[in-house]
Amino acid sequence: MLQRLLSSFCHIPGVRFAAIIDNIGNELMQTYSSKRQDVSFMDFGGLLHTIDMSAKLCDMGDANQCWIESKNGTILLCALPDRKYIGILTDENPNLGRISYELNTKKEAIAQLI
C-alpha cells in the first residue's frame, strides 16, 4: 500500500522520481516514472537540517514544504511526522499546484504506513 501511494506521484505529468527519506537523507523507499534515471535524494541531510533551522530561526514553526526550482525541473520536499520527508523530482514546467495538493492529501496516510 505504501509503495502504491508513493508511486501515485509518478502518475502526475512531469514527475520523474518520488522517495521517502529520513532526516539524514537515507532513502527508505523510492519509485520512478517511466523515464527512469540515476536519481537519488541521498545526502540531502544537510539541506533538510537547513530547512528545519531556517523555519525555526524565522519563528515559522515546522516547515511543511520546500520547493527548489530551476529551469530543468523542481525538487519538492514535504515534511512528515517523525522527521521523515517525501521528496519529488520533476521535469521542467510541472503542475506544482497539483503536486502540492496531492502531497497534502496523501502525507497523513503515508506517515501512518511507514
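Scroll up to find the structure.
This report concerns the structure included in the present document. Since the model is a prediction, treat every value here as computed from it, not as a measurement.

## Quick word on the overall build of the protein chain
Piece 1. From N to C terminus, the protein chain includes three helices and five strands.
Piece 2. Mapped in sequence order, the helices and strands of the protein chain form the string α-β-β-α-β-β-β-α.
Piece 3. Taken over the C-alpha trace, the protein chain has a radius of gyration of 13 Å; the compact-globule value for 114 residues is 13 Å, and the two agree within 12%.
Piece 4. Principal-axis analysis of the C-alpha atoms gives the protein chain an extent of 40 × 35 × 25 Å.
Piece 5. Buried residues in the protein chain amount to 48% of all 114 residues.
Piece 6. Here the contacts in the protein chain between residues at least 6 apart in sequence split such that 47% fall between residues at least 24 apart.
Piece 7. Only carbon and sulfur atoms are counted for the fraction: they give 50% of the accessible area of the protein chain, which is about 6500 Å².

## Overview of the pairing of strand 1 (residues 15-22)
Piece 1. Across the eight residues that make up strand 1, a large majority, eight, are buried.
Piece 2. Alignment of strand 1 against strand 5 (residues 84-90), held across seven bridges, turns out to be antiparallel. Residue Ile21 lies in a different strand from strand 5, and its bridge partner there is Tyr85.
Piece 3. Where strand 1 and strand 2 (residues 27-32) come together, five bridges link them in antiparallel fashion. Looking at the pairing, Ala18 lines up with Thr31 of strand 2.

## With respect to the pattern of salt bridges
Opposite charge on two side chains allows them to pair when their charged atoms are near.
Piece 1. The full count for this structure, using the stated rule, is five salt bridges.
Piece 2. Arg83 is the salt-bridge partner of Asp52, the closest N and O atoms lying 3.0 Å from each other. Residue Asp52 is found in helix 2 (residues 45-57), and its partner Arg83 is found in the loop between strand 4 (73-80) and strand 5; the two are separated by 31 residues along the sequence.
Piece 3. With relative accessibility at 11%, the residue Asp52 sits in the buried group.
Piece 4. Of the residues examined, Arg83 reaches a relative accessible area of 40% and is grouped as partly exposed.
Piece 5. Between Arg98 and Glu102 there is a salt bridge whose closest N-O contact spans 3.9 Å. With a gap of four residues between them, Arg98 and Glu102 both fall in helix 3 (residues 96-113), about one helical turn apart.
Piece 6. Since its relative accessible area comes to 36%, Arg98 is described here as partly exposed.
Piece 7. If you follow the salt bridges from partner to partner, you end up with Arg98, Glu102 and Lys106 in one network.

Rules of the game
- Residues numbered from 1 in each chain as written.
- Predicted model: local features only at pLDDT ≥ 70, side-chain atom pairs only at ≥ 80, totals over all residues.
- Heavy atoms only, no water.
- Helix = DSSP H or I, 4+ residues; strand = E, 2+ residues; numbered from the N terminus.
- Rg over C-alpha atoms; globule rule 2.2 N^0.38 Å.
- Buried < 20%, exposed > 50% of the residue type's maximum accessible area, 1.4 Å probe, protein only.
- Contact = heavy atoms within 4.5 Å.
- Areas by Shrake-Rupley, 256 points an atom, 1.4 Å probe, with all protein chains shown as cover.
- Pairing = 2+ DSSP bridges.
- Salt bridge = Lys/Arg side-chain N within 4 Å of Asp/Glu carboxyl O.

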